[in-house]
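Below, each chain spelled out in residue letters.
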Amino acid sequence: MKKLLFILLACSALSAEDIYEGDVNAAEAYEMQKKGSAIIVDVRTTLEYIYTGHGEGFINIPAYEWTYIPKSIEDRVKSSEFEVKTDKAKSHVDTQKLYDAKEVFNKNFVSDVMKAMKLRNVDSVILVCRSGPRSSAAANLLAKEGIKAYNLENGFMFGWKEAKLPYDGY
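Residues numbered from 1 in each chain as written. Predicted model: local features only at pLDDT ≥ 70, side-chain atom pairs only at ≥ 80, totals over all residues. Heavy atoms only, no water.

**Q** Got a minute to help me understand the pattern of salt bridges in this structure?
**A** Close approach of charged atoms lets side chains of opposite charge pair. Applying the stated rule across the entire model yields 4 salt bridges. In this structure, R44 engages D42 in a salt bridge whose closest nitrogen and oxygen atoms are separated by 2.6 Å. Overall, the relative accessible area of 1% leaves R44 in the buried class. When the shortest N-O distance is used, the salt bridge between K71 and D100 registers 3.7 Å. Of this pair, K71 sits in the loop between β5 (64-70) and α4 (73-86) while D100 sits in strand β6 (residues 99-105), and the two are 29 residues apart along the sequence. (Salt bridge = Lys/Arg side-chain N within 4 Å of Asp/Glu carboxyl O. Buried < 20%, exposed > 50% of the residue type's maximum accessible area, 1.4 Å probe, protein only. Helix = DSSP H or I, 4+ residues; strand = E, 2+ residues; numbered from the N terminus.)

In structure tokens:
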């Protein structure tokens, strides 16, 4: 499912013309945040934000969340038995088949970003995700609403962390 979301967002980012202000690198984003001219909004899921870390001062406003509904207990027990019999856990992809995953758009995303901007008294926002595609799609969404939005180039993992800027996490 995550791969499907990534492909869909990447394709929509490629097929649609970007209307947001542009990409900024991690050092530029950090400087804008420190000057108080922009906030940095992390659009990743809450679990990603908590468990994979986040940059200093990032505000988590997920653009999407996922719900996971387990398949029958019989299917999950069979999967468990298979893992024990084969002395290895099934691949992550096979394990995903034990759940019906559903992507849920955060209907409060735009209004929450606007509230955060008002609370911090800024007129622009920098969006960040893991590596870039989700945040550029979110930046386009906000730009369509008249919000001055930027995308963090290469995202948290390959932009912020690789620039060795302050972050919480692993």
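Next comes the rest of the description.
**Q** Sorry if this is basic, but what is going on with a nonpolar patch on the surface here?
**A** On the surface, L47, I50 and Y51 cluster together to form a nonpolar patch covering roughly 350 Å² of accessible area. With respect to the secondary-structure elements, Y51 resides in helix α3 (residues 46-51). With relative accessibility at 55%, the residue Y51 sits in the exposed group. (Patch = residues over 30% accessible without salt bridge, like charges linked within 9 Å, V, L, I, M, F, W, Y side chains within 5 Å. Areas by Shrake-Rupley, 256 points an atom, 1.4 Å probe, with all protein chains shown as cover.)

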